[in-house]
Amino acid sequence: VTPAERTRLARLIRRVRLSLWLAALGRALVPGVWGGALILAAGALAHWRLGVPDIQVLAALACAPALAGLAIGLRARPSPETAVLAADRQAEAQALLLSAWDLLAGRPPQPAGAPVVLAQAARALPIWERRIRAQRPQTARVDLWPPLLALLAALPLLALQPPRGETAGTADGSSPAVGPVEADPAPTDSPSLQSLVADLRRAAMETPPAAPMGTEGKVPGGQGEDRGPSADSATPQGLAASGTSGTVPRAPTTQAQAGGADPQAAAPAGNPEQAEGSTGGPFTGSGQDVAGTGPASAEGRRPAGQGVPPAPERHVALTRQGAGGKPQTAAGDTLGTAASEPVPGHAPSRAPPAALPQGLATDLTAFAPAQRRFVELWSARMQEGQPQ
Amino acid sequence: VAAADLARLRGALAGAIVGQETLIEQLLTGVLAGGHVLLEGLPGLGKTHLVKALAGALGLDLARVQCTPDLMPGDITGSELLTREGDGRQRLEFRPGPVFANLVLVDEINRATPKTQAALLEAMQEGQVTQAGQRHPLPRPFWVVATQNPIEVEGTYPLPEAQLDRFLLKLNVDYPDAAGLLAMLAVSLDEEPADNLTQVLTPEAVDRLMALARCVVIAEPLKRAAVDLVLSTHPGTSEVARRFRYGASPRALQALLRSARVQALMAGRAHLSPADLTRVALPCLRHRVLLTIEAELAGDRADTLLGSIVERWRGCL
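We now turn to the structure provided with this report. The shown structure was predicted, so the numbers you read here are calculated from the model rather than taken from an experiment.

Cut-off values and rules
- Residues numbered from 1 in each chain as written.
- Chains lettered and ligands numbered in written order.
- Predicted model: local features only at pLDDT ≥ 70, side-chain atom pairs only at ≥ 80, totals over all residues.
- Heavy atoms only, no water.
- Phe/Tyr/Trp six-rings, centres within 6.5 Å; stacked < 30°, edge-to-face > 60°.
- Buried < 20%, exposed > 50% of the residue type's maximum accessible area, 1.4 Å probe, protein only.
- Helix = DSSP H or I, 4+ residues; strand = E, 2+ residues; numbered from the N terminus.
- Contact = heavy atoms within 4.5 Å.
- Pairing = 2+ DSSP bridges.
- Patch = residues over 30% accessible without salt bridge, like charges linked within 9 Å, V, L, I, M, F, W, Y side chains within 5 Å.
- Areas by Shrake-Rupley, 256 points an atom, 1.4 Å probe, with all protein chains shown as cover.
- Salt bridge = Lys/Arg side-chain N within 4 Å of Asp/Glu carboxyl O.
- Buried area = accessible area lost by both parts, 1.4 Å probe.
- Polar contact = N/O pair within 3.5 Å; in protein donor to acceptor, adjacent residues only side chain to side chain.
- Nonpolar A, V, L, I, M, F, W, Y, C, P; charged D, E, K, R; others polar.
- 1 Å grid on protein atoms, 1.4 Å probe; cavity = no way out; pocket = protein on both sides within 12 Å on 5 of 7 lines; lining within 4 Å.
- Points joined across faces, edges and corners; volume = space filled by probe spheres on them.
- Axes fitted to C-alpha atoms, helices over the stretch in contact; angles between N-to-C directions.
- Expected span 1.5 Å × (residues − 1).

Some remarks on the packing of aromatic side chains
All names here are of chain B.
Right, on to step 1. All chains considered together, the criterion is met by one aromatic pair over all chains.
Right, on to step 2. Between Phe-94 and Phe-100, the ring centres sit 5.8 Å apart and the planes meet at 70°, which makes this aromatic pair edge-to-face. The burial state of Phe-94 is the same as that of Phe-100; both residues are buried.

Re the environment of Leu-168 of chain B
Residue and element names in this part refer to chain B.
Right, on to step 1. Relative to the helices and strands, Leu-168 resides in strand 9 (residues 167–173).
Right, on to step 2. Given a relative accessible area of 5%, Leu-168 falls into the buried group.
Right, on to step 3. For the pair Leu-168 and Gln-254, spaced 86 residues apart in the sequence, the C-alpha separation amounts to 9.0 Å.
Right, on to step 4. When near neighbours in sequence (up to four residues on either side) are disregarded, Leu-168 contacts Gly-30, Ala-33, Gly-35, His-36, Ala-255, Arg-258, Ser-259, Pro-283, Cys-284, His-287 and Arg-288.

Some words on the pairing of strand 1 (residues 36–41) of chain B
All names here are of chain B.
Right, on to step 1. Of all six residues making up strand 1, six are buried, and the element is well covered by its neighbours.
Right, on to step 2. Across the two faces of strand 1 the burial is the same, with His-36, Leu-38 and Glu-40 and Val-37, Leu-39 and Gly-41 all buried.
Right, on to step 3. Taken together, the four bridges between strand 1 and strand 8 (residues 143–148) define a ladder with parallel strand orientation. Bridge pairing in strand 8 places Glu-40 opposite Gln-148.

Observations regarding a nonpolar patch on the surface
Right, on to step 1. A grouping of Trp-145, Leu-149, Leu-152 and Leu-155 of chain A is seen on the molecular surface, where their side chains present a nonpolar patch of about 400 Å² in accessible area.
Right, on to step 2. For Trp-145 of chain A, the location among the structural elements is in helix 6 (residues 145–154).

Thoughts on the interface of chain B and chain A
Right, on to step 1. At the junction of the two partners, chain B supplies 15 residues and chain A supplies 18 residues.
Right, on to step 2. Overall, the association of chain B and chain A removes approximately 1,200 Å² of surface from exposure, summing both partners, and the carbon and sulfur fraction of that is 67%.
Right, on to step 3. When residues of chain B are sorted by the area they lose upon contact with chain A, Val-217, Pro-221 and His-271 of chain B head the list and together hold 40% of the total.
Right, on to step 4. Where chain B touches chain A, the interface holds one salt bridge.
Right, on to step 5. Across the salt bridge formed by Arg-224 of chain B and Glu-81 of chain A, the nearest N and O atoms sit 2.2 Å from each other.
Right, on to step 6. At the surface where chain B touches chain A, the tally comes to five residue pairs in polar contact (both at pLDDT 80 or more).
Right, on to step 7. Looking at the side of chain B that touches chain A, the element that brings in the most residues is helix 9 (residues 220–231) of chain B, giving four residues.
Right, on to step 8. Residues that form the side of chain B that touches chain A fall into these classes: ten nonpolar, two polar and three charged.

Observations concerning the layout of surface pockets
All names here are of chain B.
Right, on to step 1. Approximately 1,000 Å³ is the volume attributed to the largest pocket.
Right, on to step 2. As for the largest pocket, its lining consists of 36 residues, of which Glu-40, Gln-148, Leu-164, Lys-170 and Arg-286 are closest to the centre.
Right, on to step 3. Broken down by secondary-structure element, the contributors of at least two residues to the lining of the largest pocket are strand 1, helix 6 (161–165), strand 9, strand 11 (290–291) and helix 13 (302–316).
Right, on to step 4. Of all the elements, helix 6 adds the most residues to the lining of the largest pocket, at four residues.
Right, on to step 5. The residue inventory of the lining of the largest pocket, partitioned by class, reads 15 nonpolar, ten polar and eleven charged.

What about the pattern of salt bridges?
Residue and element names in this part refer to chain B.
Right, on to step 1. Using the criterion set out here, one finds 18 salt bridges over all chains in the structure.
Right, on to step 2. One salt bridge connects Lys-170 with Glu-40, and the closest N-O pair in it is separated by 3.3 Å. In this pair, Lys-170 sits in strand 9 while Glu-40 sits in strand 1, placing the two residues 130 residues apart along the sequence. Residue Lys-170 shares its accessibility class with Glu-40, and that shared class is buried.
Right, on to step 3. Here Asp-303 makes a salt bridge to Arg-286, at a shortest N to O gap of 2.9 Å. Pair noted here: Asp-303 is in helix 13 and Arg-286 is in the loop between helix 11 (274–285) and strand 11, with a separation of 17 residues, a long-range link. Like Arg-286, Asp-303 is buried.

Points about the sheet that holds strand 8 of chain B
Residue and element names in this part refer to chain B.
Right, on to step 1. Across the sheet, five strands lie side by side as 2-5-8-1-9; this open sheet has parallel pairing. The open sheet has two edge strands, strand 2 (62–66) and strand 9, and neither has a second partner. Within this sheet the neighbouring strands show an average axis-to-axis angle of 20°, counted without direction.

With respect to helix 10 (residues 250–266) of chain B
Residues and elements named next belong to chain B.
Right, on to step 1. A rise of 1.5 Å per residue sets the reference length of helix 10, with its 17 residues, at 24 Å; its end C-alpha atoms lie 25 Å apart and thus fit the reference within 8%.
Right, on to step 2. Every buried residue belonging to helix 10 is among Ala-252, Ala-255, Leu-256, Leu-257, Ser-259, Ala-260, Arg-261, Val-262, Gln-263, Ala-264, Leu-265 and Met-266, and all of these are buried.
Right, on to step 3. For helix 10, the secondary structure elements touched by its buried residues are helix 1 (2–16), helix 2 (21–32), strand 9, helix 8 (203–214), helix 9 and helix 11.
Right, on to step 4. Positioned one or two residues after helix 10, Gly-268 has a phi angle of 80°, which is positive.

Some details on unusual backbone geometry
Right, on to step 1. The omega torsion across Arg-140 of chain B and Pro-141 of chain B is -5°, close enough to zero to call that bond cis.
Right, on to step 2. Structurally, the position occupied by Pro-141 of chain B is in the loop between strand 7 (134–137) and strand 8.
Right, on to step 3. For Gln-94 of chain A, which is not a glycine, the phi torsion comes out positive at approximately 55°.
Right, on to step 4. For Gln-94 of chain A, the location among the structural elements is in the loop between helix 3 (80–90) and helix 4 (96–104).

It is worth stressing that arrangement in space is one thing and function is another; only the former is reported here.
The structure is reproduced here in structure tokens:
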């Protein structure tokens, strides 16, 4: 065997070893890459819907399986003996290549047949090169391209800094500049805009003209009373607030907020007036008539006793606000609190065109932007005396 | 030249024993590897004729021993006889037995008593016979080809494992197919071709072939593969090997590689290949493993179990 033939044989074995290594690398990468792609897809979905996980965490999670597969594949480098065995198999050399390589490795003592084997190997070397070249897989692992490209595209995200808007605050403590959030989903427990418009229109139709409220303590009703939940769903907190304020809360409460309070349970807190036993209270029967005839009568929600008749102007405003369908109990409390503020003087015959009450203004933050704008618009129109 | 000699030898034997080409090749493998061969098969399959044909083709001195229960060791190895010389003095003279031949055919070896069987041990292993404290070397080359009948077990003495291990190969003589039987009629209906076989190779040529077989290159990975194969017959190494009570001995490894070298030579190669090992694996290993009682009761056969082990071993190459 000449040195050139020896070099050719060594190069042949190196080529086979490299191809074996690449094949092992591919085998190790397949599960990692596909796993990473799955993580990337699931994480991207979660990030799009929920905002978590962070994009950098997602990229790291997605790349981790592929990198692990890469590490395993890099460690799976075949030994020279494995490469020779594979080369012998690919070249169909019937162990002649293997024997020649073993002899060239120079392990003494050389058997007497060594020169014959080496000579045969030198003659067969071109044939082996052709066969191995022909058997080398020509097709690339196309199945790996889509997940691999996705992962490669995700890899640069690791180097990116998170945008400022995603942080909780800036370094100086000021709120980050966040633009108007138009796409914020409305709270699930708030009425939709359409129902809000319908309520507004119904309230405008049914609400009598702003009548001055007498000092006899009649409580004007409204559509909000009819719409509102029954006394069964009134919260003790809301009743208590109403009882102390002496006004009728207009805010409907949800069953969830009611906490399963019943009139009996609410009575001690709010001291509700019972219809049949209300003889000396501040509320009269006419008040009941005005209050509405719905099945959810307001007996349980009418506070008795120390209730202070509301100021007329407050009454008008509250009536219309109540017709607006404040959806939250908190809003109702707020209204009640606002109404319970002492207002000096007598009530005018009409509600003066005034700005939104302060309690309502602060409470508008609970609304969605669209609702907030709608209420503001409605308030402005009400102040201008325009019909709905 | 070696390949041509081997081809001529195989052709001569195939002309005498029709339809047993594989058996002929395996017998030649054992002989050229310098080992002893145990032939197992039903009566009438041509075992004795094959050995006679081999001796005739190689021009070897053939001795035949028909084993019976009353066969004594001296009947095989030889004995001392009281002789009277010309001057009237008497002395003990060693008369060599039939074992002093190049090729010894021991027919139905399992019918001999263990004592007689043991007499063959020294001859097969050491190539000598010790009589009255005197060593008598056997002629070179020396082969023992024994036959046994697997069916008739009554009145037989199965060979002990130590005796079996001395045989390089154990060959099963299969029944010939229809074409083989027809061809046999054409050549051996009225006469035995083995009796008239002319010599094909000289003893020197046989020696040269045996020397060439020792020159075959065995790569290190193939040596390790042979070791793996032998070790895989040991109980506990696999589920199949769990049915073996004892695995193959180190002598089995030597037999495996020696036989495989001859196979490579017969294939015209100067190097060993895994296929050579595969071809001789069963003949080398089948009589060197011992089945458990449970496996024997379950009807397992050593050939079947070894076949699955060899198959799995080939997959790992």
